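Breakdown of the fold
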Amino acid sequence: MIELRTPREIEEMRPAGRFVAEVLTAVRAAAAPGVNLLELDEVAHKLIRDRGAESCYIDYHPSFGAMPFGKVICTSVNDAVLHGLPYDYALQDGDLLSIDFAASVNGWVSDSAQSFVVGNPLPGRAETDARLIRTTEVALDAGIAAAVAGNKIGDISAAIAEVALAEGYAINTDFGGHGVGRTMHGDPHVPNNGRKGRGFPLKPGLVIAIEPWFLETTDEIWTDPDGWTLRSADGSRGAHSEHTIAITADGPLVLTARV
Ligand code: MG
């Protein structure tokens, strides 16, 4: 079921968006060569405890997950791109890290992700990594720009795909954006490829996560033996950018904007 929020409810959703943005910024600031993924999870967990927020991940146990997630952030490194389960791994110079975080504040959820290179880029990889990351960011901006009342979900999907395809990246539509509200995942699904003018009509009050993610040289993924982490089929690197946005009469409002 697709739910529309009142302007007042969208106002109530702002603290969750601000908190999620703040945590992503704090985790990124802590990510450096030698820092363990479990330490990054703890940075986020401490902020959750300090602020009385609620993790959307720790007890998350959907049909595709082998067991409850047990951590509060997703850390996907290099060939991992989505749902990366933090484990005992010390980051190295040049790792491409994607962090995904969702939390609930005052009963409303926000969800956001970003990718970046840890420390110094690997020799010979600086440009390819930067282009992959930038393409997810530009595609996210294009998707947000299309998220206006009167358009359809397919307009968001087509805007994302146009950016990716122009850069030569293939698109996997198994995982994409989604409705956000009292829980992390709701209707509608927002695929990263689609046809303009198709799908659910966008109306003021619709709150969705838009989340382009691309792999360098494939659109196939496989699930790591940890039961969660999704990796590229060919070992190439992945990147991911996500914001939670509200469609309003005045245009898209980015609830998880980082300041
Ligand atoms: Mg997310």
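Going by the structure above, here's the rest.
In this text, all values refer to a predicted model and were calculated from it rather than measured experimentally. (Residues numbered from 1 in each chain as written. Predicted model: local features only at pLDDT ≥ 70, side-chain atom pairs only at ≥ 80, totals over all residues. Heavy atoms only, no water.)

**Focus on the overall build of the protein chain**
Helix and strand content of the protein chain: four helices and 14 strands. Its C-alpha atoms give the protein chain a radius of gyration of 17 Å, near enough to 18 Å, the size a compact globule of 259 residues would have. Within the protein chain, the proportion of its 259 residues that are buried is 53%. In the protein chain, 69% of the contacts between residues at least 6 apart in sequence involve partners at least 24 apart. Counting only carbon and sulfur atoms, one obtains 52% of the accessible surface of the protein chain, whose full area is about 10900 Å². Distance between charge centroids for the protein chain: 6 Å, based on 21 positive and 35 negative side chains. (Helix = DSSP H or I, 4+ residues; strand = E, 2+ residues; numbered from the N terminus. Rg over C-alpha atoms; globule rule 2.2 N^0.38 Å. Buried < 20%, exposed > 50% of the residue type's maximum accessible area, 1.4 Å probe, protein only. Contact = heavy atoms within 4.5 Å. Areas by Shrake-Rupley, 256 points an atom, 1.4 Å probe, with all protein chains shown as cover. Lys, Arg positive; Asp, Glu negative; His and termini not counted. Charge placed at Lys NZ, Arg CZ, Asp CG, Glu CD.)

**Notes on the coordination of the magnesium ion**
All of the protein donors around the magnesium ion are Asp100 (OD), Asp100 (OD), Asp111 (OD) and Glu242 (OE); their distances to the metal are 2.0 to 2.8 Å. Here the donor residues for the magnesium ion map to a single chain with the spacing D-x10-D-x130-E. With Asp100 in strand E4 (residues 96–105) and Glu242 in the loop between strand E12 (238–240) and strand E13 (243–248), this residue pair connects regions lying 142 residues apart in the sequence. Taken individually, Asp100 and Glu242 each receive the classification buried, so the pair is uniform in this respect. (Donors = N, O, S within 2.8 Å, 3.2 Å for Na, K, Ca; no water.)

**Focus: the sheet that holds strand E3 (residues 80–82)**
Ordered by their spatial adjacency, three strands build an open sheet running E3-E11-E10, and the pairing between neighbours is antiparallel. For this open sheet the edge positions go to E3 and strand E10 (221–223), each flanked by a neighbour on one side alone. With direction set aside, neighbouring strand axes in the sheet form an average angle of 45 degrees. By the bridge criterion, two bridges tie E3 to strand E11 (residues 230–232) in an arrangement that is antiparallel. By the bridge assignment for E11, Ala80 is matched with Arg231. (Pairing = 2+ DSSP bridges. Axes fitted to C-alpha atoms, helices over the stretch in contact; angles between N-to-C directions.)

**Some remarks on the environment of Leu37**
Here Leu37 lies in helix H2 (residues 37–51). Taking the C-alpha atoms as reference points, Leu37 and Leu97, separated by 60 residues in sequence, lie 10.0 Å from one another. Setting aside residues no more than four positions away along its own chain, Leu37 makes contact with Thr75, Val77, Pro86, Tyr87, Tyr89, Leu91 and Leu97.

**Quick notes on the pairing of E13**
Counting buried residues in E13 gives six out of six residues, a clear majority hidden from the surface. The alternating pattern of E13 places His243, Ile245 and Ile247 on one face and Thr244, Ala246 and Thr248 on the opposite face, and all of these are buried. Here E13 pairs with strand E14 (residues 251–254) via four bridges, running antiparallel. Looking at E14, one finds that Ile247 is bridged to Pro252. Here E13 hands over to E14 after two residues, the two strands then running antiparallel side by side.

All we've got here are geometric facts, nothing functional implied.
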